[in-house]
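A look at the structure
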Amino acid sequence: MSAIGELSTMTRRKGPMTKEEKKANGRDNKAAYIFLLPWLVGLVVITVGPMLMSLYLSFTDYNLLQPPEWVGLDNFVRMFGDARLHNSLRVTFTYVLVGVPLQLAVALLIALVLDKGLRGLPFYRSIFYLPSLLGGSVAVAILWKQIFGTTGLVNQVLAMIGIEGPGWISDPNTALGSIILLHVWTFGSPMIIFLAGLRQIPNMYYEAAKVDGATTIQQFWRITLPMLSPIIFFNLVLQIIGSFQSFTQAFIVSGGNGGPSDSTMFFTLYLYQKGFGQFDMGYASAMAWFLLVIIGVFTAINFIASKYWVFYDD
């Protein structure tokens, strides 16, 4: 009781701190700063410093070999007349606007199935999550290239039923689709988040709906989706940001050239070609900041639109 009384007295006491209290707070602050120092150094050296340097280079003509030459807004003006950049934006937008909804739909469907109390749930949850860990790796991209090649596994299966499949990754009409399919396959991460959200929905809502005669589909539309809308919004924002930054899959599948016929030329891949292929680092830096603006605009749109479809259980 004395300890509680002393604590309450300390919390109620007002006025200047004593010298001993100031020294104790100073020691605590120093210890905190010491522990934070590695992170602060990493933030400045690895993140903030390169970002500021990139911003400066975006206004220069820089080829890595000669000192940067200030050109003002020329790099940004060049983007308006760059046909390959416009094509890379079209490819990237298609990848994001098609791949992200499909991935989230598959992730939610699998989460709904696993939420039914499947035996061996931890095993299936781990198996379904595994593609998210490997989907962005070089090894999986190479495997995907082999599976959808002219003589790959997909065409071998089609040949068994008398269908001659195309070269999926060598045909401009199907190359991007094969990469979108790879993106959809990596549904594990949003699935785990959806599953956690489903477990937080009170069962009494479903019991009340059953008493009122609601069907399973009605329960899904009237209970599950509204209650899960904050989780859907969270996954949507994360997956859109990640999809705009996708690079490895297109680089490996296309051999680094965005082919065939620039059908897999992602914006990030074109940025890489400009910066590290043609050593046009100033233009590449401007492209990087343009991509940041695009991601920021999409994120802002999502937050503004969320007021009309995201519901919180207050």
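Just so you know, these numbers come straight off a predicted model, no measurement behind them. (Residues numbered from 1 in each chain as written. Predicted model: local features only at pLDDT ≥ 70, side-chain atom pairs only at ≥ 80, totals over all residues. Heavy atoms only, no water.)

Moving on: the layout of surface pockets. By volume, the largest pocket amounts to about 380 Å³. Where the lining of the largest pocket is concerned, the elements lending two or more residues are α4 (83–114), α10 (203–211) and α11 (216–244). Element by element, the count of residues in the lining of the largest pocket is highest for α11, at five residues. The residue makeup of the lining of the largest pocket, split by class, is eight nonpolar, four polar and four charged. (1 Å grid on protein atoms, 1.4 Å probe; cavity = no way out; pocket = protein on both sides within 12 Å on 5 of 7 lines; lining within 4 Å. Points joined across faces, edges and corners; volume = space filled by probe spheres on them. Helix = DSSP H or I, 4+ residues; strand = E, 2+ residues; numbered from the N terminus. Nonpolar A, V, L, I, M, F, W, Y, C, P; charged D, E, K, R; others polar.)

Under the UniProt annotation, "transmembrane region" (unreviewed entry) lies at residues 32–57, 93–114, 126–144, 175–198, 219–241 and 284–305. Helix makes up 100% of residues 32–57 and strand 0%, with an end-to-end C-alpha separation of 35 Å. Along residues 93–114 the backbone is 100% helical and 0% strand, and the end-to-end C-alpha distance reaches 31 Å. (UniProt positions renumbered as here; feature names shortened; annotations may be inferred.)

In this section: the packing of aromatic side chains. Taken as a whole, this structure holds 15 aromatic pairs when the rule is applied. Aromatic side chains F247 and F251 sit 5.3 Å apart centroid to centroid with 25° between the ring planes, which places their arrangement in the stacked category. Three or more aromatic residues link up through ring pairs in this structure, and these residues are Y56, F59, W70 and F76. Sitting above the plane of the Y283 ring, R78 keeps its charged end 3.9 Å from the centroid. (Phe/Tyr/Trp six-rings, centres within 6.5 Å; stacked < 30°, edge-to-face > 60°. Lys NZ or Arg CZ within 6 Å of the ring centre and 35° of its normal.)

Closest axis-to-axis distance for the α4/α11 pair is 10 Å, and the angle between their directions is 140°. Comparing the axis directions of α4 and α11 gives the class oblique. Pair α4 / α11 crosses with right-handed handedness. Judged by residue contacts, T92, F93, Y95, V96, V100, Q103, L104, L108 and L112 of α4 engage F220, T224, L225, L228, N235, L236, Q239, I240, S243 and F244 from α11. Here the contact of α4 with α11 is composed, by residue class, of 13 nonpolar, six polar and no charged. (Axes fitted to C-alpha atoms, helices over the stretch in contact; angles between N-to-C directions. Parallel < 35°, antiparallel > 145°, perpendicular 65-115°, else oblique. Left-handed = near helix turned anticlockwise from the far one by under 90°. Contact = heavy atoms within 4.5 Å.)

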